[in-house]
Amino acid sequence: MQSLVAAVLGHPVVGVLGEVAIRVLRITLFLSFGVFLAELAVAFGLVEKITVVSRYLTSPANLPDEVGTAILTTTASTTAGYGMLADFRESGVLSDRATIIAVTINTFFGFAQHIITFYAPILIPILGFRVGVLYVATRGLIALAITLTGIAAGAVLLDASNVGRSAAGAGPAPDGGTADDAGDVFDERPESRRAAVRTAFDATAEKVRDILPRLAAIYAVVSLLVAYGDELLVLAGSDGASVTAAADGFAGLLGLPGAAIPVIAAYALDTTSGATVIAPLIRNGTFTARTAVATMLVGGIISFAVSTFKRSIPFQFGIWGREFGSKVIVVNTGLKIVWIALALAVLL
């Protein structure tokens, strides 16, 4: 019996599922925090204080001032920020269209978080100050361009029918949400602090019960597919050369050095590994600062296929569901590719 238990626990699948459980638990904690914070902010009137700053983002985009709370929260935690937006969408404050625009505006603030946690302490020291700062600045400008695109889209595409606060009594929003019921979402305050905390807790528990099973199932399936990807490719009559082949095509099209191919392939799978591979090639003159940044951006484009499958699909589907999550992924990925392509045109 003990040998059977040991064999089961030692099976690779158990290890993969254990990692899934840890990842899902972490996301659930941050998601719960985001929803709970959103409910408390509404109940205690904290959003009015925060909206003094966030109004510069939300007002031009025709979004409710309170949504700026979620956007700014993304700087501290992307998952918490998304959790707050999911709560606003579920309560009818935002229609589907308004939610996608809010998610788009989130982009730069999600990037800002990574400057402190990854780019400054890890990537810039690996690449060197000049190339590292140029790369981070380029990525920052791309993220800012996406955020400004979201604000512009809101100015053009949103009106009172897309947001609950200003649409009370206006009937259902044409593209999702329940504008007719959402006008008083921010005006209904619990009678006491205890009632406010209890209301926030109940709303958080309901949201987690709705999202957690879907999130766990999708992460488990995707993680198993990734873990046994090589075996599946063999069964399909293919191999792992597809990433390298795609990198070769991009490098040749853009006129990058031949050394860009292994860099792109490594960068597409892991940012730190790609930076480690290209760093000595920058120092010996194989890459200039511009071609190095361009090479890493190309690797970023190719990595979207990998990162979307490994992270974006489970995360977005888990939070929004398959249908709306697909829309969020398409918009996010499309805007990133467009703006990275424009950055490449400037660099090269």
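Just so it is clear, the model here is predicted, and its values are computed rather than measured.

Some remarks on the pattern of salt bridges
Turning to step 1, where the next piece is worked out: For the coordinates displayed, the defined rule picks out two salt bridges.
Turning to step 2, where the next piece is worked out: Of the charged contacts, one joins Arg-89 and Glu-90 as a salt bridge, the two residues approaching to 3.9 Å between their closest N and O atoms.
Turning to step 3, where the next piece is worked out: Residue Arg-89 is joined to Asp-96 by a salt bridge in which the shortest nitrogen-to-oxygen separation is 2.8 Å.

Structural notes on the packing of helix H5 (residues 78-90) against helix H6 (residues 96-105)
Turning to step 1, where the next piece is worked out: It is the contact of H5 with H6, at a shortest axis distance of 10 Å, that shows an interaxial angle of 165°. For the element pair H5 / H6, the angle class is roughly antiparallel. Regarding H5 and H6, the two cross each other, and that crossing is right-handed. Counted together, Tyr-82, Leu-85 and Arg-89 of H5 and Asp-96, Thr-99, Ala-102 and Val-103 of H6 form the full contact between these two elements.

Details of the UniProt feature "transmembrane region" (unreviewed entry) in the protein chain
Turning to step 1, where the next piece is worked out: The UniProt entry lists residues 28-47, 98-120, 132-158, 211-229, 249-269, 289-309 and 329-347 under the feature "transmembrane region" (unreviewed entry), expressed in the numbering used here.
Turning to step 2, where the next piece is worked out: Structurally, residues 132-158 comprises 96% helix and 0% strand, and the distance from its first C-alpha atom to its last is 38 Å.
Turning to step 3, where the next piece is worked out: With 100% helix and 0% strand, the stretch residues 329-347 has end C-alpha atoms that lie 27 Å from each other.

Some thoughts on the side chain of Thr-107
Turning to step 1, where the next piece is worked out: With respect to the helices, strands and loops of the structure, Thr-107 is situated in helix H7 (residues 107-127).
Turning to step 2, where the next piece is worked out: Ignoring anything within four residues of it in the chain, the contact list for Thr-107 reads Ala-143, Ile-146 and Thr-147.

Observations regarding helix H14 (residues 271-283)
Turning to step 1, where the next piece is worked out: Helix length check: H14, at 13 residues, gives a terminal C-alpha distance of 19 Å against a target of 18 Å (1.5 Å per residue), a fit within 8%.
Turning to step 2, where the next piece is worked out: Gly-285, located one to two residues past H14, shows a positive phi value of around 90°.

Conventions we followed
- Residues numbered from 1 in each chain as written.
- Predicted model: local features only at pLDDT ≥ 70, side-chain atom pairs only at ≥ 80, totals over all residues.
- Heavy atoms only, no water.
- Salt bridge = Lys/Arg side-chain N within 4 Å of Asp/Glu carboxyl O.
- Axes fitted to C-alpha atoms, helices over the stretch in contact; angles between N-to-C directions.
- Helix = DSSP H or I, 4+ residues; strand = E, 2+ residues; numbered from the N terminus.
- Parallel < 35°, antiparallel > 145°, perpendicular 65-115°, else oblique.
- Left-handed = near helix turned anticlockwise from the far one by under 90°.
- Contact = heavy atoms within 4.5 Å.
- UniProt positions renumbered as here; feature names shortened; annotations may be inferred.
- Expected span 1.5 Å × (residues − 1).

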